[in-house]
Amino acid sequence: MTDKRSTSADYVTAFATGWPEQEPHLMVLSLTTHKGVQDFAFTREQALLVAKTMKETADRLAKPKTS
């Protein structure tokens, strides 16, 4: 199967986290873009790894340009 991944990304306009009442061992991350809401489920270990990776990546981002 050919990978048809887009070279552009949608901006996240809102997000929320939570967990299903019947599955408290999962974290759900809801991301909202102009296309709608997409939900992702993570185990505790996955959530911690994603958080660590996002922080490391965010720390390396360039500072916003000011005018």
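Here, every reference points to the structure presented above.
Reading guide: rules and limits
Residues numbered from 1 in each chain as written. Predicted model: local features only at pLDDT ≥ 70, side-chain atom pairs only at ≥ 80, totals over all residues. Heavy atoms only, no water. Pairing = 2+ DSSP bridges. Helix = DSSP H or I, 4+ residues; strand = E, 2+ residues; numbered from the N terminus. Axes fitted to C-alpha atoms, helices over the stretch in contact; angles between N-to-C directions. Salt bridge = Lys/Arg side-chain N within 4 Å of Asp/Glu carboxyl O. Buried < 20%, exposed > 50% of the residue type's maximum accessible area, 1.4 Å probe, protein only.

Engineer: Any chance you could break down the pairing of strand β3 (residues 36-43) for me, citing the residues and the numbers?
Structural biologist: Side chains on a regular strand alternate between the two faces of the sheet. Here strand β2 (residues 26-33) runs beside β3; their pairing, made up of eight bridges, is antiparallel. Bridge pairing in β3 places Leu-31 opposite Gln-38. Between β2 and β3, which follow one another and run antiparallel, lie two residues.

Engineer: If you had to explain the sheet that holds strand β1 (residues 14-18) to someone new, which residues and values would you point to?
Structural biologist: Read across the sheet, three strands follow the order β1-β2-β3 without closing on themselves; strand pairing throughout is antiparallel. On the outer flanks of this sheet lie β1 and β3, each paired with one strand and no other. Going from strand to strand, the sheet's axes swing by 15° on average, the running direction of each strand aside. Looking at chain direction, β1 and β2 are connected through five bridges and run antiparallel. The residue bridging Ala-16 from the neighbouring strand is Ser-30, located in β2.

Engineer: Let's hear about the pattern of salt bridges: which residues, and what values?
Structural biologist: Pairing of side chains with opposite charge becomes possible as their charged atoms draw close. Within this structure, the stated rule accounts for three salt bridges. Taking the shortest distance from any N to any O, the salt bridge between Lys-52 and Glu-56 comes out at 3.9 Å. One end of the pair is Lys-52 and the other is Glu-56, both in helix α1 (residues 44-60) and four residues apart, which spans about a single turn. Judged by relative accessible area, which is 36%, Glu-56 ranks as partly exposed. Taking the shortest distance from any N to any O, the salt bridge between Asp-59 and Lys-55 comes out at 2.9 Å. Pair noted here: Asp-59 and Lys-55 are both in helix α1, with a separation of four residues, about one helical turn. Here Asp-59 matches Lys-55 in class, with each residue exposed.

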